[in-house]
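# Fold and contact review
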Amino acid sequence: MLIKHKKRSDCSENEVTDQSVYLNRRQFMKVTGGTALGLGFGNAFAALQSGNPLSPAQPLQAAFDRVIETPYGKDETPAPYDVTSSYNNFYEFGYGKGDPAKRAGSLETRPWTITVEGEADVTGVFDLDDIIKESLLEERIYRLRCVEAWSLVVPWIGIPLADVLKKFKPTSKAKYVYFETLYDPKQMPEQRGGSIDWPYREGLRIDEAMNPLALLSVGMYGSVLPNQNGAPVRLVVPWKYGFKSIKSIVKIRFVESMPITTWSTLAPNEYGFYANVNPEVDHPRWSQKEERRLPSGVLFPNVIETQMFNGYADEVVSLYAGMDLKRNY
């Protein structure tokens, strides 16, 4: 299956991250031999790259064997895997960019359940694998823009968020969708203290959550998510700053009022609920007009201009008709 519609926001070759190798399957098969045949290319690649061993029966194997190709970002070149998997914000595992890759191996991602609550006809506790197996996975290459003014291009694997949420049949009272990260200080050492009121919380207006761009991601680069990138399931909301794309989700709640979120509570003057990428609204401590696209050198940084809604304006601008985006940042 191949989705035919090309998005106007897809950027040209000269706008994207340079990468020497992106999942060189032929070389990989040569190196790994029969091992790759037993595990499937994607899962074997993830095991080698992330250092996370696979169980003998990988629950996602069948799903990753039938990923749908889409035109989202097809003209973009993703950042190298080792960049995307080693430069992360995942404060449950540390505050340095390399801390999640070093420390997230403690996270057990199977079994994994998601609790669904609130204004919906179908609620309860659902196994992630049951949610995944009901849908075909898609690959979507999206830009990821951090509020800290760096960015990446990432080939995500996942399910349109709307397809998942509709299964729970939200009622007319559901105006927002609240998401919550796993809270387990034994596995996530930084949850034992610090200034953040754990667990990590995020939310979207329901029409934002239902937008076709919003993705519930379970993988990247053709295989399962590494722990440091939000395994086993995270949001990807490409027109918003990266902190809106919550990781390691264990709870979804349909609510009538705007939910409390982690960063809008910690620093509401810096990190608003909407967090749309907007080069005309600076962070109080730095400009948002430009971004450093990774990989990027120290002496010659790869600096590019930031686009409104991170380049996805055509797809999402109608969501904010009549809103003051400087006030509702």
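Residues numbered from 1 in each chain as written. Predicted model: local features only at pLDDT ≥ 70, side-chain atom pairs only at ≥ 80, totals over all residues. Heavy atoms only, no water.

A few words now on the overall build of the protein chain. The number of helices and strands found in the protein chain is eleven helices and 13 strands. Expressed as a percentage of contacts within the protein chain between residues at least 6 apart in sequence, the contacts between residues at least 24 apart total 71%. For the protein chain, the exposed area adds up to about 14900 Å²; of that, 52% sits on carbon and sulfur atoms. (Helix = DSSP H or I, 4+ residues; strand = E, 2+ residues; numbered from the N terminus. Contact = heavy atoms within 4.5 Å. Areas by Shrake-Rupley, 256 points an atom, 1.4 Å probe, with all protein chains shown as cover.)

This part covers the sheet that holds strand S11 (residues 249-255). In spatial order, the strands read S3-S2-S11-S6-S7; together these five strands make up an open sheet with mixed pairing. For this open sheet the edge positions go to strand S3 (124-127) and strand S7 (201-205), each flanked by a neighbour on one side alone. With direction set aside, neighbouring strand axes in the sheet form an average angle of 20°. (Pairing = 2+ DSSP bridges. Axes fitted to C-alpha atoms, helices over the stretch in contact; angles between N-to-C directions.)

Let's shift gears to the packing of aromatic side chains. Counted according to the given criterion, the structure contains 14 aromatic pairs. When the ring of Phe90 is compared with that of Phe93, the centres are 5.0 Å apart and the planes differ by 85°; the resulting orientation is edge-to-face. Between Tyr274 and Tyr320, the ring centres sit 6.1 Å apart and the planes meet at 90°, which makes this aromatic pair edge-to-face. Of this pair, Tyr274 sits in the loop between helix H10 (262-266) and strand S12 (290-293) while Tyr320 is found in the segment after helix H11 (313-316), placing the two residues 46 residues apart along the sequence. The residues Tyr274 and Tyr320 share a single accessibility class, namely buried. By the ring-pair criterion, three or more aromatic residues cluster together here, those being Tyr91, Tyr95, Phe243, Trp263 and Tyr271. (Phe/Tyr/Trp six-rings, centres within 6.5 Å; stacked < 30°, edge-to-face > 60°. Buried < 20%, exposed > 50% of the residue type's maximum accessible area, 1.4 Å probe, protein only.)

Chain-level statistics for the protein chain give a pLDDT mean of 85 and a share of 81% at 70 or above. In the predicted structure, residues 1-57 sits below a pLDDT of 50 and forms 101 contacts with residues beyond four places in sequence or in another chain. (pLDDT = per-residue confidence, 0-100.)

A cis amide bond, omega -5°, links Arg110 with the succeeding residue Pro111. Omega for the bond connecting Trp198 with Pro199 falls within 30 degrees of zero, at 0°, which places this linkage in the cis form. Positionally, Pro199 belongs in the loop between strand S6 (176-181) and S7. For Ala149, which is not glycine, the phi dihedral falls at a positive 75°. Residue placement: Ala149 occurs in the loop between strand S4 (138-145) and strand S5 (150-160). Residue Ala149 is classed as buried on the basis of its relative accessible area, which comes to 17%. A positive phi angle, near 50°, is found at Tyr221, a position not held by glycine. Within the secondary structure, Tyr221 is located in the loop between strand S8 (215-220) and strand S9 (223-224). Its relative accessible area of 1% is what places Tyr221 among the buried residues.

As a further point, take the pairing of S4. Counting buried positions along S4 yields seven of eight residues, so the element is predominantly enclosed. Alignment of strand S1 (residues 68-69) against S4, held across two bridges, turns out to be parallel. Paired with Glu69 across the strands is Glu139, a residue of S4. Between S4 and the antiparallel strand that follows it, S5, lie four residues; Ala149 among them carries a positive phi value of about 75°.

The next thing to look at is the environment of Ser86. Within the fold, Ser86 resides in the loop between helix H5 (81-84) and helix H6 (99-103). The partly exposed category is assigned to Ser86, whose relative accessible area is 35%. As a C-alpha pair, Ser86 and Pro100 span 14 residues in sequence and 7.6 Å in three-dimensional space. In this structure the side chain of Ser86 is engaged in a polar contact, spanning 2.4 Å, whose partner is the backbone oxygen of Asp82. (Polar contact = N/O pair within 3.5 Å; in protein donor to acceptor, adjacent residues only side chain to side chain.)

Our focus in this paragraph is the nonpolar core. Grouped together as the largest cluster of nonpolar side chains are 82 residues, with contacts concentrated most on Leu161, Phe179, Leu235, Trp239 and Phe254. Counting residues per element, this core draws most heavily on S5, at six residues. (Core = buried A, V, L, I, M, F, W, Y, C linked by side-chain atoms within 4.5 Å.)

Here Asn89 is to be found in the loop between H5 and H6. Along the sequence, Asn89 and Gly230 sit 141 residues apart, while their C-alpha atoms lie 9.8 Å from each other. When near neighbours in sequence (up to four residues on either side) are disregarded, Asn89 contacts Lys97, Cys146, Glu148, Trp150 and Lys247. In this structure the side chain of Asn89 is engaged in a polar contact, spanning 3.1 Å, whose partner is the side chain of Lys97.

Attention now moves to the pattern of salt bridges. Under the definition given, this model contains 19 salt bridges. A salt bridge links Arg110 to Asp129, with the shortest nitrogen-to-oxygen separation between them at 3.1 Å. Taken as a pair, Arg110 in the loop between H6 and strand S2 (113-118) and Asp129 in helix H7 (residues 128-133) lie far apart in primary sequence, 19 residues in all. By relative accessible area, which is 24% here, Arg110 ends up partly exposed. A salt bridge links Arg253 to Glu117; its shortest N-O distance comes to 2.8 Å. Taken together, the residues span a long stretch of sequence, with Arg253 in strand S11 and Glu117 in strand S2 at a distance of 136 residues. Residue class for Glu117 comes out partly exposed when judged on its relative accessible area of 24%. (Salt bridge = Lys/Arg side-chain N within 4 Å of Asp/Glu carboxyl O.)

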